[in-house]
Amino acid sequence: AAHGDGIVFAWTATGGGQMRVRSLAYAASVLLALETEVAAAESAACAPDDGIALQVLGSGGPSADDARASTAYIVWVDGKSRVLIDVGGGSFLRFGEAGASFDELEFVGLSHFHTDHSADFPALLKSGNFSGRERPLAVAGPGGKGPFPGLNSYLQSMLGDKGAYAYLGGYLDGSRGLARLEPAEVPLEPAAAVTVFDDAGIRVQAMHVPHGIVPAVAFRVTVGETSIVFSSDQNLGNPAYAEFAREADVLVLHMPLPEGATSGTQLHAGPSRLGEFAADAKAGSVLLSHFMARSLRDFDENVAVVRNAYAGEVVLANDLLCHIVVD
């Protein structure tokens, strides 16, 4: 409610209270923060005792103006946080808010090494130091090219003897009481699907996808008969990707661009192409995520473009959103 020279918010979801803010922009960020706090309080519901759920840890992009954590997702299996895809900036906090456990993880997939997909990975490893985990942890990511390292070089640059976080070097060999990482680097060629993890009833396949000059991979996570495909950042220009994503129960697509964008198209597909692809792939449902201010500006219109091309269920990501896949 308007009040004097500011805006007063009253809320009850977290116990009641009020505050005065002095700009509509800040007011919007306050509302989103309160919504996220409520979502965090309810996030335990995302871990069904029996079934599969997809939880969004970060639904934003690389800019700090969207009031969202950067990209990260958890796949919950029978109440356990088993698979983590990407660990972008801010997702470290969301990981804890979701009630996820480093000790429960079977697999971590890093789609590429833009900071909004990987910056919080070392923070996650440091936190894991306190988990008591002893068994190895599988991690997969792309091969390198140009200024972008491959997964093995990325890990060495952080954890090696001369790495930025050499004190966590035990993750490379299992020493110092740390769980050993088991890396699987996806080769750039050929651009075909490879299996990077197959254990504990979970199978993960990876495929390189076009993201400008940045080596990037998409992941298909299969548990029993259920598949979730994480498209990562890409322009959907790899013809083989349609078969990789075919008939996924959930297809995660990133929408940082608005319809009609003239820049960034070598990196990302626009809304109409996203909808067309989802329809061609016969996805069971689509989760749209990785929003930026430019795609949020005319958000309803951009989502409508996707829905115009794809007739299935379209779920819109927010931080800590829980999407039950199988219950």
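Sequence positions are assigned chain by chain, starting from 1 and proceeding in written order. Owing to the predicted nature of the model, reporting of local features is limited to residues with pLDDT of at least 70; listing and counting of side-chain atom pairs is limited to 80 or more, with chain, interface and lining totals taken over all residues. The basis for every side-chain value is the complete set of heavy atoms in the structure, and neither hydrogens nor water enter the calculation.

Caption draft 1: Local environment of the overall build of the protein chain. Strands here mean DSSP runs of E at least two residues long; helices mean DSSP runs of H or I at least four residues long; both are numbered from the N terminus. Regarding its fold elements, the protein chain presents 10 helices and 17 strands. Under the scheme applied here, a residue whose accessible area is under 20% of the maximum for its type counts as buried, over 50% as exposed, and between as partly exposed, the area being computed with a 1.4 Å probe on protein chains only. Counting the 327 residues in the protein chain, one finds 52% classified as buried. The long-range fraction of contacts in the protein chain, counting pairs at least 24 apart against all pairs at least 6 apart in sequence, stands at 61%. Per-residue accessibility takes into account occlusion by the displayed protein chains alone, with areas from the Shrake-Rupley method and a 1.4 Å probe. Within the structure as shown, the protein chain displays about 13,900 Å² of accessible surface, and the carbon and sulfur contribution to it stands at 51%. When checking whether two residues touch, look at their non-hydrogen atoms; a contact exists if any pair is within 4.5 Å.

Caption draft 2: Spotlight on unusual backbone geometry. The peptide bond linking Glu189 to Pro190 adopts the cis configuration, its omega dihedral lying at -5 degrees. Along the polypeptide, Pro190 turns up in the loop between strand E9 (181-186) and strand E10 (194-199). One non-glycine residue with positive phi stands out, namely Asp78, at about 50 degrees. With phi around 60 degrees, Arg176 is a residue other than glycine that occupies positive phi space.

Caption draft 3: Highlighting the pattern of salt bridges. A pairing counts as a salt bridge when a side-chain nitrogen of Lys or Arg comes within 4 Å of a carboxyl oxygen of Asp or Glu. Counting across every chain of the model gives seven salt bridges. The shortest N-O distance in the salt bridge between Lys80 and Glu104 comes to 3.8 Å. Here Lys80 is found in strand E6 (residues 80-87), whereas its partner Glu104 is found in the loop between helix H2 (91-97) and strand E7 (107-109), with 24 residues between them in sequence. Taking the shortest distance from any N to any O, the salt bridge between Asp319 and Arg94 comes out at 2.9 Å. One end of the pair, Asp319, is in the loop between strand E16 (313-316) and strand E17 (322-326); the other, Arg94, is in helix H2, and 225 residues separate them in sequence. Relative accessible area serves as the criterion here: at 11%, Arg94 is assigned to the buried category. When salt bridges with common partners are traced through the structure, they connect Arg82, Glu106 and Arg135 into a single cluster.

Caption draft 4: The confidence of the model for the protein chain, seen in detail. The predicted model of the protein chain averages 90 in pLDDT, with 86% of residues at 70 or higher. How sure the predictor is of each residue is captured by pLDDT, a score from 0 to 100. Across residues 1-22 the pLDDT falls below 50, and counting only partners more than four positions away or on other chains, this stretch makes 38 contacts in the model. Contacts for the low-pLDDT stretch residues 39-43, under 50 throughout, to residues beyond four places or in other chains number seven contacts.

Caption draft 5: View of the layout of surface pockets. Size it by volume and the largest pocket reaches roughly 260 Å³. Cavities and pockets were defined on a 1 Å grid built over protein atoms only: a cavity is a set of grid points that admits a 1.4 Å probe from which the probe cannot escape, a pocket is an open set flanked by protein on both sides within 12 Å along at least five of seven lines, and lining residues are those with an atom within 4 Å of any such point. Lining of the largest pocket is provided by 16 residues; of these, Leu188, His208, Val209, Val214 and Pro215 occupy positions nearest its centre. Grid points are joined across faces, edges and corners, and a volume is the space filled by probe spheres set on the points.

Caption draft 6: Layout of the pairing of strand E15 (residues 285-289). With five of five residues buried, E15 lies mostly within the body of the structure. Burial along E15 is two-sided: Ser285, Leu287 and Ser289 facing one way and Val286 and Leu288 facing the other are all buried. Both strand E14 (residues 250-254) and E15 contribute to a ladder of four bridges, which runs parallel. Among the inter-strand pairings, Val252 is bridged to a residue of E15, identified as Leu287. When the strands point away from the viewer and the connection leading from the first strand across the helix to the second strand turns clockwise, the crossover is called right-handed. This β-α-β element, E14 to helix H8 (residues 271-281) to E15, shows right-handed connectivity. For two strands to be treated as a pair, DSSP must find at least two bridges joining them. Alignment of E15 against E16, held across four bridges, turns out to be parallel. Bridge assignment links Leu288 to a residue of E16, and that residue is Leu316.

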